[in-house]
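So you can see what is in the structure, the chains are spelled out below.
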Amino acid sequence: MIFDTHAHYDDEAFDEDREELIESLRKANISKVVNIGANLSGSRASVALADKYDFFYAAVGVHPDDAAEVNDEGIAVLRELAQNKKVRAIGEIGLDYYWNKENSAIQKEAFARQIELAKELSLPIVIHSRDAAKDTLDIMKECDAKKAGGVMHCFSYSPEIAKEVTDMGFYIGVGGVITFKNGRKLRESVEAVPLERIVLETDCPYLAPDPFRGKRNCSLYLKYVIKAIADIKNVDIEKVMEVTYNNALKMYKIES
Ligand code: NI
């Protein structure tokens, strides 16, 4: 059984064949998927997918790109959406200085407000953090994000930061990047943390693993990620599937 902890099946890249593709996942041992909201409309779409498919769950939140949506009204929308039982996290939320550093103050405030919301609702958080390790960790500490728990998705930092994040009780999300030639840092981080702190993710339609790099990603390709983790950890693929599956259940508080 495979758990895709981070997918965007609401993305327009799936408009042509969404239903057939999602139906095909079940047969391919993809037992659970969490569809992640990247903004308010994506959060609504994630909840709609979770309502439609029994093996889908949702996270609602606003990505740093859309941080301006996180005002009183935006928070009220997220709080309302989170009343749905299939909403299992607040995300994706965080900081992205790779694409945009000029609005870092707005990003930080949006991140902090959504951590507070997660704590209020007793939900874990799905963190997006790119080129912003220090500020991300600072805010996690200031807001006592440990109380919420969750995952640093598409983990891209050093083994030292992986250790700090997992010591706080968080998981690291590992996807297609682990198969890339330039994915060495991620492979080192995966080596450095126990398998019990790793969850699988696609971030589809983005970040398809080799040999599909650059193509549209989907949960069917997680087998390449699983193989790469198994090789690094020197365990068999069944072990990687089992442990990461249980990690994800625990993280999102889903009963098997
Ligand atoms: Ni994402």
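Along every chain, residues carry numbers that run from 1 in the direction the sequence is written. Local features in a predicted model are, by the rule used here, given only for residues with pLDDT of at least 70; side-chain atom pairs are given and counted only at 80 or more, and totals for whole chains, interfaces and linings are based on all residues. Remark: hydrogens and water are excluded; side-chain values derive from all non-hydrogen atoms of the structure.

**Q** For the coordination of the nickel ion, give the residues involved together with the corresponding values.
**A** Coordination of the nickel ion by the protein is provided by H6 (NE2), H8 (NE2), E92 (OE) and D203 (OD), with metal-donor distances spanning 2.1 to 2.3 Å. Distances define the donors: N, O and S atoms within 2.8 Å of the metal qualify, as do those within 3.2 Å of Na, K or Ca. Water is excluded, so some sites may look unfinished. A four-donor site is called tetrahedral if each angle lies between 85 and 135 degrees; a four-donor site is square planar, and a six-donor site octahedral, when trans pairs exceed 155 degrees and the remaining angles lie between 65 and 115; all other cases are labelled irregular. Here the nickel ion binds 4 donor atoms, and the angle range of 85 to 170° at the metal identifies the geometry as irregular. Written as a sequence motif, the donor arrangement for the nickel ion is H-x1-H-x83-E-x110-D. Taken together, the residues H8 in the loop between β1 (2-7) and α1 (18-27) and E92 in strand β4 (residues 87-96) connect sequence positions 84 residues apart. Only DSSP runs of H or I with at least four residues qualify as helices, and only runs of E with at least two residues qualify as strands; both kinds are numbered from the N terminus onward.

**Q** Report on the sheet that holds strand β8 (residues 198-200), specifying residues and quantitative values.
**A** Strand pairing is assigned whenever DSSP identifies at least 2 bridges connecting the two strands. Spatial ordering of the open sheet is given by β1-β2-β3-β4-β5-β6-β7-β8, a layout of 8 strands whose pairing is parallel. Of all strands in the sheet, those bounded by a partner on one side alone are β1 and β8. Here the strands of the sheet are splayed against their neighbours by 30° on average, with no regard to which way each runs. Against the sheet, helix α9 (residues 237-252) makes contact with β1, β2 (30-36), β4, β5 (125-130), β6 (150-153), β7 (171-174) and β8, and its axis sits at roughly 50° relative to β1, the strand it touches most. Whenever a helix is involved, its axis is fitted only over the stretch in contact; in every case the axis is a line through C-alpha atoms, and angles between N-to-C directions fall within 0 to 180 degrees. Should any heavy atoms of two residues lie within 4.5 Å, those residues are considered in contact.

**Q** Any details on the environment of A105? Residues and values, ideally.
**A** Following the sequence through the fold, A105 ends up in helix α4 (residues 104-121). For the pair A105 and A67, spaced 38 residues apart in sequence, the C-alpha separation works out to 9.9 Å.

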